[in-house]
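Now for the letters of each chain:
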Amino acid sequence: MDESHPHDPRPHPHDRRQRLRAGLRAGLPFGVAGALVAMSFGVVAQGAGLSPAAAIVMSAIVFAGSAQFTAIAILTQGGTVAAAVLGAALVNSRFLPMGVAIGPSLPGGPVRRALQGQTIVDASWAIASRGDGTFDRWLLFGSTAVQYVGWVGGTVAGALAGNVLGDPDAIGLDAVYPAFFLALLIEELGDRRSRLVAVLGGLIALVLVPIAPGGVPVLAASLAALVGLHSSARAAAAAEAG
């Protein structure tokens, strides 16, 4: 049993280690894919004028590919640092509904839950989901740990060996990032509610992309996840009442 579930007793340390290792194994493919994308980021960041050290520190602190690429794109186009930070924050706004969903499965007070919530990334959030509205935090921690190592390590390789790697588009690294999210989406389309949320979010983004500033379509589309969250909460309440 997992202490992250409100009704579960404290798990045995051996069980925690097992689930942590399971998370590491589950996150490994995403860690490899993330490392390839991070190499691309390291090259692009260097081309945008960032020093290798700045690119590596950015990956270590931000650890969010879409936000980092957005910030680099804005800076490359002559935007201000404030605009780059705002754009990155809007892109990362999808983590708000994800955090709302996983919050009840994290033990402790607000500060402790917030610290644990820093391990949320797209793939780990999906891996940790039990499918009933609750999450296994040890799977979350393990899968995120291996992805973090891959992301920072890939950035180091790209930032320090950018001249050797050359144009990331020419060697196909530009295809890794969309393929990563497509695989994650397919994995999550197992039930009618998930498909409804995906279609609704996609429609919102498609409508707003041509007319809204960068990042706003992602923020608006992420609100579709609240439909799924509401449905999960209602189903859980009905099950508990039954």
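Residues numbered from 1 in each chain as written. Predicted model: local features only at pLDDT ≥ 70, side-chain atom pairs only at ≥ 80, totals over all residues. Heavy atoms only, no water.

Colleague: Honestly, the overall build of the protein in this entry has me stumped. Any pointers?
Modeller: Along the protein, the regular secondary structure elements total 13 helices and zero strands. For the protein, the N- to C-terminal ordering of α and β elements is α-α-α-α-α-α-α-α-α-α-α-α-α. By residue count, 40% of the 242 residues in the protein fall in the buried class. Roughly 12600 Å² of accessible area belongs to the protein as shown, and the carbon and sulfur atoms make up 70% of that amount. (Helix = DSSP H or I, 4+ residues; strand = E, 2+ residues; numbered from the N terminus. Buried < 20%, exposed > 50% of the residue type's maximum accessible area, 1.4 Å probe, protein only. Areas by Shrake-Rupley, 256 points an atom, 1.4 Å probe, with all protein chains shown as cover.)

Colleague: How should unusual backbone geometry be read in this particular structure?
Modeller: Peptide bonds are trans in most cases, and residues, glycine excluded, mostly fall at negative phi. Despite not being glycine, Phe-63 shows a phi value in the positive range, around 50 degrees. Here Phe-63 lies in the loop between helix H2 (52-62) and helix H3 (65-76).

Colleague: Teacher, can you tell me more about the packing of aromatic side chains here?
Modeller: The relation between two aromatic rings is expressed through the spacing of the ring centres and the mutual angle of the planes. By the definition in use, this model includes five aromatic pairs. Residues Trp-138 and Phe-141 carry aromatic rings whose centres are separated by 5.5 Å and whose planes lie at 80 degrees to one another, so their mutual orientation is edge-to-face. You can see Trp-138 and its partner Phe-141 sitting in helix H8 (residues 137-160), three residues apart, about one turn around the helix. In terms of burial, Trp-138 and Phe-141 fall into one category: buried. Aromatic rings pair up to connect Phe-41, Phe-69 and Trp-151 into one cluster. (Phe/Tyr/Trp six-rings, centres within 6.5 Å; stacked < 30°, edge-to-face > 60°.)

Colleague: Could you clarify how one ought to interpret the pattern of salt bridges in this entry?
Modeller: Pairing is possible between side chains of opposite charge, provided their charged atoms come close. Inspection of every chain in the model, using the stated rule, returns one salt bridge. One salt bridge connects Arg-19 with Asp-136, and the closest N-O pair in it is separated by 2.8 Å. With Arg-19 in helix H1 (residues 13-47) and Asp-136 in the loop between helix H7 (122-128) and H8, this pair connects stretches of sequence that are 117 residues apart. The exposure class assigned to Arg-19 is buried, which follows from its relative accessible area of 15%. (Salt bridge = Lys/Arg side-chain N within 4 Å of Asp/Glu carboxyl O.)

Colleague: Is there a simple way to think about helix H11 (residues 192-208) in this case?
Modeller: For the α-helix, the turn length of 3.6 residues means that residues three or four positions removed from each other point alike. The end-to-end C-alpha distance of H11 is 25 Å, a good match for the 24 Å that 17 residues give at a rise of 1.5 Å each. The set of residues buried in H11 consists of Ser-194, Val-197 and Gly-201. Seen along its axis, H11 keeps its buried residues to an arc of 65 degrees; they face one direction. Opposite the buried face of H11, by more than 90 degrees, sit the exposed residues Arg-192, Val-199, Leu-206 and Val-207. (Expected span 1.5 Å × (residues − 1). Arc of directions from axis to C-beta.)

Colleague: Mind showing me how you'd approach a nonpolar patch on the surface here?
Modeller: Together, Leu-28, Val-32 and Leu-36 make up an exposed nonpolar region whose accessible area comes to about 250 Å². Of note, Val-32 is situated in helix H1. (Patch = residues over 30% accessible without salt bridge, like charges linked within 9 Å, V, L, I, M, F, W, Y side chains within 5 Å.)

Colleague: Looking at this model, I keep getting lost on H2. Mind explaining?
Modeller: Within H2, the full set of buried residues consists of Ala-55, Met-58 and Ser-59. Along H2, the residues classed as buried sweep out an arc of 95 degrees about the axis, all on the same side. Trailing H2 by a residue or two, Phe-63 shows a phi angle of about 50 degrees, which is positive.

Colleague: Help me understand the packing of H3 against helix H4 (residues 81-91) in this model?
Modeller: Running from amino to carboxyl end, H3 crosses H4 at an angle of 150 degrees, the nearest separation of the two axes being 8 Å. By the angle between their axes, H3 is roughly antiparallel relative to H4. When the axes of H3 and H4 are compared, the crossing they make is right-handed. Across the interface between the two elements, Ser-66, Ala-67, Thr-70, Ala-71, Ile-74 and Leu-75 of H3 pack against Val-81, Ala-83, Ala-84, Gly-87, Ala-88 and Val-91 of H4. The class makeup of the residues in the contact of H3 with H4 is nine nonpolar, three polar and no charged. (Axes fitted to C-alpha atoms, helices over the stretch in contact; angles between N-to-C directions. Parallel < 35°, antiparallel > 145°, perpendicular 65-115°, else oblique. Left-handed = near helix turned anticlockwise from the far one by under 90°. Contact = heavy atoms within 4.5 Å. Nonpolar A, V, L, I, M, F, W, Y, C, P; charged D, E, K, R; others polar.)

Colleague: I'm lost on the environment of Ile-127 in this one. Help?
Modeller: Of note, Ile-127 is situated in helix H7. Those residues in contact with Ile-127 that lie beyond four places of it in its chain are Ala-26, Gly-27, Phe-30, Leu-139 and Ser-143.

Colleague: Sorry, what's going on with the environment of Trp-151 here?
Modeller: Tracing the backbone through its elements, the reader meets Trp-151 in helix H8. As for Trp-151 and Val-32, which are separated by 119 residues in sequence, their C-alpha atoms are 8.4 Å apart. Sequence-distant contacts of Trp-151, defined by excluding residues within four places in its chain, comprise Gly-34, Val-37, Ala-38, Ser-59, Phe-63, Ala-64, Gly-65, Gln-68 and Phe-69.

Colleague: I'm lost on the side chain of Ser-143 in this one. Help?
Modeller: Tracing the backbone through its elements, the reader meets Ser-143 in helix H8. Residue classification places Ser-143 among the buried positions, given a relative accessible area of 0%. Ignoring sequence-local partners within four residues, the contact set of Ser-143 consists of Gly-23, Leu-24, Gly-27, Ser-124 and Ile-127.

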